[in-house]
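Results of the structural survey
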Amino acid sequence: MEHSTAVTAGTRIRPGTESHLKQLTDIYNHYVTSTPITFDIEPVTVEDRRQWLADHPATGRHRLLVAEEAGTVLGYATSGPLRAKQAYETSVETSVYLAPEHTGRGLGGMLYRALFEALATEDVHRAYAGITQPNEASMRLHERFGFRPAGVLHEVGRKFGTYWDVAWVEKPLRQGPAGAPGVL
């Protein structure tokens, strides 16, 4: 299938809604069944993803933004909890998933730009991303947005009969209160 090589003027970024859920699930399931990018092994259902959608409201630290053209979801970016314990609440884990036929168009950058603009007014101190290796495109995207290496978990997950490494990258988003530990 041919696709355009750049984002068009008709591409809109907006918060994800229930109307996007089927397409979001289809995009995610492509990565579940065809790649090691996510460590889910079995495809998820729309019903499985309903709580995930609810956990990403239009405001706050945990967002879901979709890129769409003419009602078709081309991809999405999220920020979610890094870990469940309360002291982690000002850190988020971010990710971008694109429909496979819409990669290489600048959509990942467009989505991340919108996500980080939205997070700029929230109480978020750091963003993290876990990137299954090898994934040069994702590493380059994260580097462009100021993420720096934080470490590698070696052979941390097994999928398709292979153990995969995950590189963790981090990005400071805002300074904490004056005098607080870890202030930039």
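Residues numbered from 1 in each chain as written. Predicted model: local features only at pLDDT ≥ 70, side-chain atom pairs only at ≥ 80, totals over all residues. Heavy atoms only, no water.

**Looking at the overall build of the chain**
A count of helical and extended segments in the chain gives four helices and seven strands. Overall, the chain shows an N-to-C arrangement of helices and strands of β-α-α-β-β-β-α-β-α-β-β. For a compact globule of 184 residues, the expected C-alpha radius of gyration is about 16 Å, and the chain comes in at 16 Å, within 12% of that figure. Split into buried and exposed, the 184 residues of the chain put 41% on the buried side. Accessible surface computed for the chain: about 10,000 Å², of which carbon and sulfur atoms make up 53%. (Helix = DSSP H or I, 4+ residues; strand = E, 2+ residues; numbered from the N terminus. Rg over C-alpha atoms; globule rule 2.2 N^0.38 Å. Buried < 20%, exposed > 50% of the residue type's maximum accessible area, 1.4 Å probe, protein only. Areas by Shrake-Rupley, 256 points an atom, 1.4 Å probe, with all protein chains shown as cover.)

**As for the packing of helix 3 (residues 107-119) against helix 4 (residues 136-144)**
For the pair helix 3 and helix 4, interaxial distance at closest approach is 11 Å and the crossing angle is 40°. In terms of axis orientation, helix 3 runs oblique to helix 4. Here helix 3 runs over helix 4; the crossing is right-handed. Seen from helix 3, the contacting residues are G108, G109 and Y112; seen from helix 4, they are L141, H142 and R144. Residue composition of the contact of helix 3 with helix 4, grouped by class: two nonpolar, three polar and one charged. (Axes fitted to C-alpha atoms, helices over the stretch in contact; angles between N-to-C directions. Parallel < 35°, antiparallel > 145°, perpendicular 65-115°, else oblique. Left-handed = near helix turned anticlockwise from the far one by under 90°. Contact = heavy atoms within 4.5 Å. Nonpolar A, V, L, I, M, F, W, Y, C, P; charged D, E, K, R; others polar.)

**Observations regarding the sheet that holds strand 6 (residues 148-159)**
Pairing is mixed across the open sheet formed by seven strands, whose spatial order is 1-2-3-4-5-7-6. Each edge of the open sheet carries a strand with a single partner, namely strand 1 (12-15) and strand 6. On average, each strand axis in the sheet is tilted by 25° relative to the strand beside it, whichever way the strands run. Here strand 4 (residues 91-98) runs beside strand 5 (residues 126-132); their pairing, made up of three bridges, is parallel. (Pairing = 2+ DSSP bridges.)

**Observations regarding the pairing of strand 7 (residues 162-172)**
In this sheet, strand 7 lies alongside strand 5 in antiparallel orientation, the contact comprising seven bridges. Within strand 7, the residue paired with I131 across the bridge is A167. Following strand 6, the chain reverses through two residues before pairing antiparallel with strand 7; F160 in that reversal takes a positive phi of roughly 55°.

**Some remarks on the layout of surface pockets**
Its volume calculated, the largest pocket comes out at about 1,100 Å³. If you trace the largest pocket, you find 42 residues lining it, with I37, S95, V96, Y97 and G130 closest to the centre. Here the lining of the largest pocket is composed, by residue class, of 20 nonpolar, 17 polar and five charged. (1 Å grid on protein atoms, 1.4 Å probe; cavity = no way out; pocket = protein on both sides within 12 Å on 5 of 7 lines; lining within 4 Å. Points joined across faces, edges and corners; volume = space filled by probe spheres on them.)

**As for the pattern of salt bridges**
Overall, the coordinates contain nine salt bridges when judged by the stated rule. E18 is paired through a salt bridge with R50; the nearest N and O atoms lie 2.2 Å apart. With a gap of 32 residues between them, E18 in the loop between strand 1 and helix 1 (21-34) and R50 in helix 2 (residues 46-54) connect regions that are remote in the sequence. When its relative accessible area of 30% is taken as the criterion, R50 is described as partly exposed. Overlapping salt bridges bring together R12, R14 and E68 as one network. (Salt bridge = Lys/Arg side-chain N within 4 Å of Asp/Glu carboxyl O.)

**Some remarks on the packing of aromatic side chains**
Centre-to-centre distance and the angle between the planes together describe a pair of aromatic rings. The full count for this structure, using the stated rule, is nine aromatic pairs. Seen in terms of ring centroids, Y31 and Y97 are 5.4 Å apart; in terms of plane orientation they differ by 65°. Their pairing is edge-to-face. Note that Y31 is positioned in helix 1 and Y97 in strand 4, a separation of 66 residues in sequence. When sorted by exposure, Y31 lands in the same class as Y97, which is buried. Ring centres 5.7 Å apart and planes at 70° place the aromatic pair W52 and Y76 in the edge-to-face group. Taken together, the residues W52 in helix 2 and Y76 in strand 3 (residues 72-81) connect sequence positions 24 residues apart. Grouped by ring-pair contacts, the aromatic residues Y28, Y31, W52, Y76 and Y97 constitute a single cluster. The ring of W52 carries the charged tip of R49 above its face, separated from the ring centre by 3.7 Å. Sitting above the plane of the F116 ring, K171 keeps its charged end 5.0 Å from the centroid. (Phe/Tyr/Trp six-rings, centres within 6.5 Å; stacked < 30°, edge-to-face > 60°. Lys NZ or Arg CZ within 6 Å of the ring centre and 35° of its normal.)

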